[in-house]
Amino acid sequence: MKRIHVAAAVIRSADGRILVARRPLDKHQGGLWEFPGGKVEAGESVQAALARELLEELGIEVTRAQPLIQVRHDYPDKQILLDVWQVLAFQGEAHGAEGQPLAWVTASELDGFEFPAANRPIVSAAQLPDCYLITPEGLDTPQLLCGIERALERGVRLVQLRAPGMPLTAYRTLAADALALAAGQAQLMLKGPAELLGEFPDAGWHLTAKQLREYAGKARPLPPERWLAASCHDAEELALADGLGVDFVTLSPVQATSSHPEASPLGWSQASELLLGFNQPAYLLGGLGEDDLTPALRAGGQGVAAVRAFWPPLNP
């Protein structure tokens, strides 16, 4: 069965809302909501197909777009490749040119809409930012909280609270304080002993590669409304993460790092190859910073994860 190549768009308005459209009842997956787009014709580039489809369906002209995620999905009656781009600027007023209902919604409101199964990773990608801050080692609780507060002021919206070696009781207190800081501003991901998994329902959880392997073949350890991520370093771990149903991963190390000098860097080419066919958002990690966002997107990543590059200076 030939895989159908579809160009799709996460279209953002100036205020950050996202456009979704309802599929006609007489079409495949009819009645469900979707991200606008359509089939890529033979000999047509994805960008050209996206521009054509959005002009036909919505009456808008794309002026700025960037890759977001590729999703391969097999339905009983067809196989599709969703090539999803994020449209950040356009001309014209979007309207249902083919009579389809439209809705402009916030990223969090996407969870209230019923999408085709293939769209679930797109929803996650649309809700996640392109920068993922990981807290550095060797800091005490006041320093960590101060750094997180300053990072939030700078616009960071996804934070992994990593404090290896910190006693469990102290980490619990730190997590509670960090959650209070992040409330309404950012998603906090905890990382540590698995016995904390059931606590802090407002926090997500980032599995270590070891924990990921321990959960292999088991049920997802968190309910779907809580974010679950995992650290991956190779194709096997990406497959384990996919099988566990994580919402996103980090893939590392892309470049050489001083924190893990013994690890062989993947490089951009291998990182891109590993992400081909991986259907969840992936942050590239290891020796990267904000200047690497463009190559990370081109490699198929959601964006960049970093410690030093995103951690604000604590001195005034």
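Everything numeric in this text was worked out from a predicted model, so none of it was measured.

Caption draft 1: Structural view of the overall build of the protein. The helix and strand tally for the protein stands at 8 helices and 15 strands. In terms of overall dimensions, the protein is globule-like: its C-alpha atoms have a radius of gyration of 20 Å, near the 20 Å expected for 316 residues. Referenced to the eigenvectors of the C-alpha coordinate spread, the extents of the protein come out at roughly 60 × 40 × 35 Å. Looking at the 316 residues of the protein, the share that counts as buried comes to 48%. Here the protein holds 26 positive side-chain charges and 38 negative ones, and the gap between their average locations is 2 Å.

Caption draft 2: How the structure looks around the pairing of strand β2 (residues 18-22). With 4 of its 5 residues buried, β2 lies for the most part within the structure. Bridge analysis of β2 against strand β7 (residues 102-105) gives 4 bridges, and the strand direction is antiparallel. Note that in β7 the partner of Ala 21 across the bridge is Leu 102.

Caption draft 3: Layout of the packing of aromatic side chains. In this structure the tally under the stated criterion is 7 aromatic pairs. Taking 6.4 Å as the distance between ring centres and 10° as the angle between the ring planes, the aromatic pair formed by Phe 90 and Trp 104 counts as stacked. One end of the pair, Phe 90, is in strand β6 (residues 79-91); the other, Trp 104, is in strand β7, and 14 residues separate them in sequence. By relative accessible area, which is 33% here, Trp 104 ends up partly exposed. Consider the rings of Phe 248 and Tyr 283, whose centres lie 5.5 Å apart with planes at 80°: the pair is edge-to-face. One end of the pair, Phe 248, is in strand β13 (residues 248-251); the other, Tyr 283, is in strand β14 (residues 282-285), and 35 residues separate them in sequence. A single burial state applies to Phe 248 and to Tyr 283, both of which are buried.

Caption draft 4: Structural view of unusual backbone geometry. With omega at -10°, the peptide bond leading from Ser 252 into Pro 253 counts as cis. Examined against the element boundaries, Pro 253 turns out to sit in the loop between β13 and α7 (267-275).

Caption draft 5: Geometry of helix α4 (residues 168-182). Between the first and last C-alpha of α4 there are 21 Å, a value that for 15 residues agrees with the 21 Å anticipated at 1.5 Å per step. Burial in α4 covers these residues: Tyr 171, Leu 174, Ala 175, Ala 178, Leu 179 and Ala 182. Projected onto a plane normal to the axis of α4, the buried residues spread over an arc of 135° and lie on a single side. Of the residues in α4, the exposed ones pointing more than 90 degrees away from the buried face are Thr 169 and Ala 180. In the core, the buried residues of α4 are packed alongside α3 (141-153), β9 (158-162) and β10 (187-191).

Caption draft 6: Structural view of the sheet that holds β13. With respect to topology, 8 strands assemble into a closed barrel ordered β8-β9-β10-β11-β12-β13-β14-β15, the strand pairing being parallel. Pairwise comparison of adjacent strand axes, ignoring direction, gives a mean angle of 25° for this sheet. As defined by bridge partners, strand β12 (residues 228-232) adjoins β13 across 4 bridges and the pair is classed as parallel. From the neighbouring strand, Ala 230 faces β13, where its bridge partner is Val 249. Along the sheet, α4 contacts β9 and β10; its crossing angle with β10, the most-contacted strand, is approximately 170°.

Caption draft 7: Quick look at the nonpolar core. Grouped together as the largest cluster of nonpolar side chains are 53 residues, with contacts concentrated most on Leu 161, Leu 190 and Leu 284. In this view, Leu 161 contacts Thr 135, Ile 148, Tyr 171, Leu 174, Ala 175, Ala 178, Leu 188, Met 189, Leu 190 and Lys 191; residues no more than four positions away in its chain are not counted. Formed by 23 residues, the second largest nonpolar core is a distinct cluster that contains Phe 35, Leu 82, Ala 103 and Phe 115.

The rules behind these values
- Residues numbered from 1 in each chain as written.
- Predicted model: local features only at pLDDT ≥ 70, side-chain atom pairs only at ≥ 80, totals over all residues.
- Heavy atoms only, no water.
- Helix = DSSP H or I, 4+ residues; strand = E, 2+ residues; numbered from the N terminus.
- Rg over C-alpha atoms; globule rule 2.2 N^0.38 Å.
- Buried < 20%, exposed > 50% of the residue type's maximum accessible area, 1.4 Å probe, protein only.
- Lys, Arg positive; Asp, Glu negative; His and termini not counted.
- Charge placed at Lys NZ, Arg CZ, Asp CG, Glu CD.
- Pairing = 2+ DSSP bridges.
- Phe/Tyr/Trp six-rings, centres within 6.5 Å; stacked < 30°, edge-to-face > 60°.
- Expected span 1.5 Å × (residues − 1).
- Arc of directions from axis to C-beta.
- Contact = heavy atoms within 4.5 Å.
- Axes fitted to C-alpha atoms, helices over the stretch in contact; angles between N-to-C directions.
- Core = buried A, V, L, I, M, F, W, Y, C linked by side-chain atoms within 4.5 Å.

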